[in-house]
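Letter by letter, the chains look like this.
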Amino acid sequence: MNRKLRALLYAASGTLFFLVSVVVFTPLLLHPNQYRAPIAALVKNVTGRQLTIRGDVGLSLFPSVQLVLRDLSLANAPEFGSEPMAKAAIVEVGVKFFPLLAGRVEMDRAELMGLNLMLRRNRAGQSNWESLLEHVDEMTRKMIRPVDGGVVTAKPATASANLPASPVVLGINRGGLNIIGAKLSWMDEETGMDFKVTNLDIRTGMIQSARPVLVIAGLHFEEVTRKVRGQADLKYQLRTAPGQIWLDNLELSARATAEGQWIKEVKTVLTTDVAMNTKASTALFTKTDWTSTLWSSKAWWREVTCGLRGEGQMDLGKKQLVLPANTMTALIKANDLPPAGVNWRLTSDLTADMQNQSVKLAHLSLEGPAGMRLKGEMQTKDVLTVPMATGKLSLERLDFRSLLIALGRTIPAPQDARIFAGLDADIQFSIHEKGVELSSLNLGLDDTRVTGDLSWHRSGPSIRFDWVVDTLDLDRYGPLLASIRSGERGQEMVSKDPKDPSDANKAGDAKAVVDVPVKWLTRELLLEGKARVGKLVAGKGHFSDVVMGVRAKDGVMTVDPWKHVLYGGRLDAKARLDLQGPVPVVVVEYLLKEVQSETGLQDMFGLEGVAGRVDLSGRMDFSGQNLEAMTRSLHGDLRLVVSDGVVPGLDVVGRIRNSYAAFNRMRPMASAGAEEIRFVELTATAQVENGVLTSKDLVLHAPGLKMNGVGQVDFVQRRLDAFLFADAGLALQGLASDAELYQGVVAPLQWRTSFEAARKIEMGTVDFSRKRGTMRDASDPPMLPTGEGEIEKRDRGLDQLEKQLGVPVDELLKKILKN
């Protein structure tokens, strides 16, 4: 061994001995507690807060430089009293020994045990961490500057005898970090929030470039005010490189429960991979799968499970979030839904630009039960200041009845298979601070198409609408809608035979107790709109060119104009609904002109063959909380004129003439025509009190016939009673030489029927023994014939006629009148 080699070995041995001596004897010779003041001064310089170290300071040098601090506390902001902002039981920091000799600081490990961090905000809106963060941010800008190779140079703001004044080079490598048993509390006196985190554990392995490290974290949390508590767990593989950070196989799970809240329990699970570019300030999320389940005992639903799958990109510099072709699903379970629940699926491209305060949803598609599919797009702007959203949606044609069944609605078999057979819609919308506007509305239900606009605003007329309906048959949907609302009772009502009067009356009684839906009309509601219907079917009546203008203010709704064409004539009306009193009050004024009644009476009341041109005018008012009360309170008056009319079922003139022939033992006289009454004009005025219409001046003029009478329509009992008296002398003119003698002799007729079962007019016996009388009520005593010779002549003729016929004349007359 040459001399140079021996010298080299001696030098190395000496150096090693020196280093071992330094490592072993330095902690014994130096007292670590003397570093309390320098450490506190360093923290004070960086944070602006006083650090107090009550426990002993521990120090070891190999295999790494280990510094252990015990029983620490960090002072609070002056506004929050003397209680420390943070406390810690043990703080242990390790720095690798050999890189330290080369001037590089590489952290070996850091461990924090028993941390208790208390965050506060007072009623003035001040928080106890604001000043600390401002001080740290200012010191960081002064102390740190970037250098090449991903290394930064740190320089203390001030030098002291106990701190190194020369630059210290920090490597990018970091040791493991453990936070064990930490606590965090957050109290906000402004909002009353009292949030606590306990059992916070964060554990990592060695953090080095290009080498993955497992990070595991867990905590328990509680919001004291709202009685919400739960736990959360996080796990991922951390990889780093210059300017790059990857969080692989990230798994986040959380569960929370609440007392007295409408959501009683929440469970969520998130898995994803995250790649972050620290230089570009971007993050890419891939393989994202998020599932969350909510349980409720107070809401209409009892369980909702939501899910999200896809990928996304976040640009922190541009403040943008892009989620292309993401799919969100929801499974909703409720007591009134099918047991398996109802599934929904939403796909869209989402772009959120917080710098421009805009969010855009493109290629939006929502799929639901029974083949439901909704497509469209939406844009929002000024989301952080004055939000506004616009867009358009399109609902593809679907079987609406199948959708209702899939949503758990019990749909009885309709009488018309076309009911709820199809539903589609197209709409453009705008949602802003002042309200909601729906424009270009195009809604199709079965054979009905509705187009127009609808808007709701916070001020002014809060609701405005302008609708055009091509055709609408309300009668088709009435029984089915009633059955949906009233369940089994409604189903029984639909099953009744409409031809059975008893069932019809029962159905009418059931409808009479239905509350009138006026609760939505309040004094605060402002409403203005117009509706036009091309063809309308309601109450079995057929109407066309319907125009209605509606206004509501201060609890009063008016319908003016109210016009439409019906059966060759027109209706001009206006109505007023007043809710200012304890019960709703309705006033209607109407004018009906030149309506051809034949088809209308047949459609609405089943009266076949009744015809005439009708002019009707009047005023009605009624009040009440339901239809029965409103019907009983019906009050008003009317004037009726019917021209060129026909009432089938009875030839009054013919019956009078045949009765006259039988009375005088003559051959039957010529009939006036078919079994009907054809008249030139019918006039009447009527008053309505307590739901009963009464007329005492019915007058009918016809060729060879004049009739007076009285009538009553009972809307409560749904009955019609009319009594008419025809002048027999007028019917005999031109056919009987003594017709003038019978002027004032009456032929009584009566028409008694229910609304649901029309009956023919019945004619009573004409008493031709009364001559030269006056028009009398049927209750007056019969008129007696004058002259004894005429009585004896009549009796002899009756005896001869009975002998020829072989049957009593009175029985024969009864048969004739009956037929």
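Source: prediction; values computed, not measured.

The rules we used
Residues numbered from 1 in each chain as written. Predicted model: local features only at pLDDT ≥ 70, side-chain atom pairs only at ≥ 80, totals over all residues. Heavy atoms only, no water. Helix = DSSP H or I, 4+ residues; strand = E, 2+ residues; numbered from the N terminus. Buried < 20%, exposed > 50% of the residue type's maximum accessible area, 1.4 Å probe, protein only. Contact = heavy atoms within 4.5 Å. Core = buried A, V, L, I, M, F, W, Y, C linked by side-chain atoms within 4.5 Å. Expected span 1.5 Å × (residues − 1). Phe/Tyr/Trp six-rings, centres within 6.5 Å; stacked < 30°, edge-to-face > 60°. Lys NZ or Arg CZ within 6 Å of the ring centre and 35° of its normal.

A short note on the side chain of Thr683
As for its position among the elements, Thr683 is in strand β35 (residues 676-689). Classification of Thr683 as buried rests on a relative accessible area of 18%. Not counting chain neighbours up to four residues away, the residues in contact with Thr683 comprise Leu640, Val641, Asp697, Leu698 and Val699.

Quick notes on the nonpolar core
Nonpolar side chains tend toward joint burial in soluble globular proteins. Formed by 66 residues in total, the largest nonpolar core has its most connected members in Ile656, Leu705 and Leu749. Counting 14 residues, the second-largest nonpolar core is a separate cluster that includes Leu374, Phe400, Leu404 and Leu423.

Points about helix α2 (residues 36-47)
Owing to its 3.6 residues per turn, the α-helix aligns residues three or four sequence positions apart on the same side. In this model, α2 (12 residues) spans 16 Å end to end at C-alpha, consistent with the 16 Å of a helix rising 1.5 Å per residue. One or two residues past the end of α2 sits Gly48, with phi positive at roughly 80 degrees.

A few points about unusual backbone geometry
Put simply, Asp560 and Pro561 share a cis peptide bond, and its omega is 10 degrees. By secondary structure assignment, the location of Pro561 is in strand β30 (residues 556-566). Positioned with a positive phi, Glu594 is a non-glycine residue whose angle comes to about 55 degrees. With respect to the secondary-structure elements, Glu594 resides in strand β32 (residues 585-596). On the accessibility criterion, Glu594 (45% relative accessible area) is partly exposed.

A short note on the packing of aromatic side chains
Taken as a whole and assessed by the stated rule, the structure comprises 5 aromatic pairs. For the ring pair Phe195 and Phe221, a centre distance of 6.2 Å and an interplane angle of 20 degrees mean the geometry is stacked. Of this pair, Phe195 sits in strand β12 (residues 193-204) while Phe221 sits in strand β13 (residues 213-223), and the two are 26 residues apart along the sequence. On the basis of relative accessibility, which here comes to 27%, the residue Phe195 falls in the partly exposed class. Given a relative accessible area of 18%, Phe221 falls into the buried group. Ring centres 4.9 Å apart and planes at 40 degrees place the aromatic pair Phe465 and Trp467 in the tilted group. The class of Trp467 is partly exposed, set by a relative accessible area of 30%. For Arg239, the ring lying beneath its charged end belongs to Trp246, and the centroid distance is 4.5 Å.

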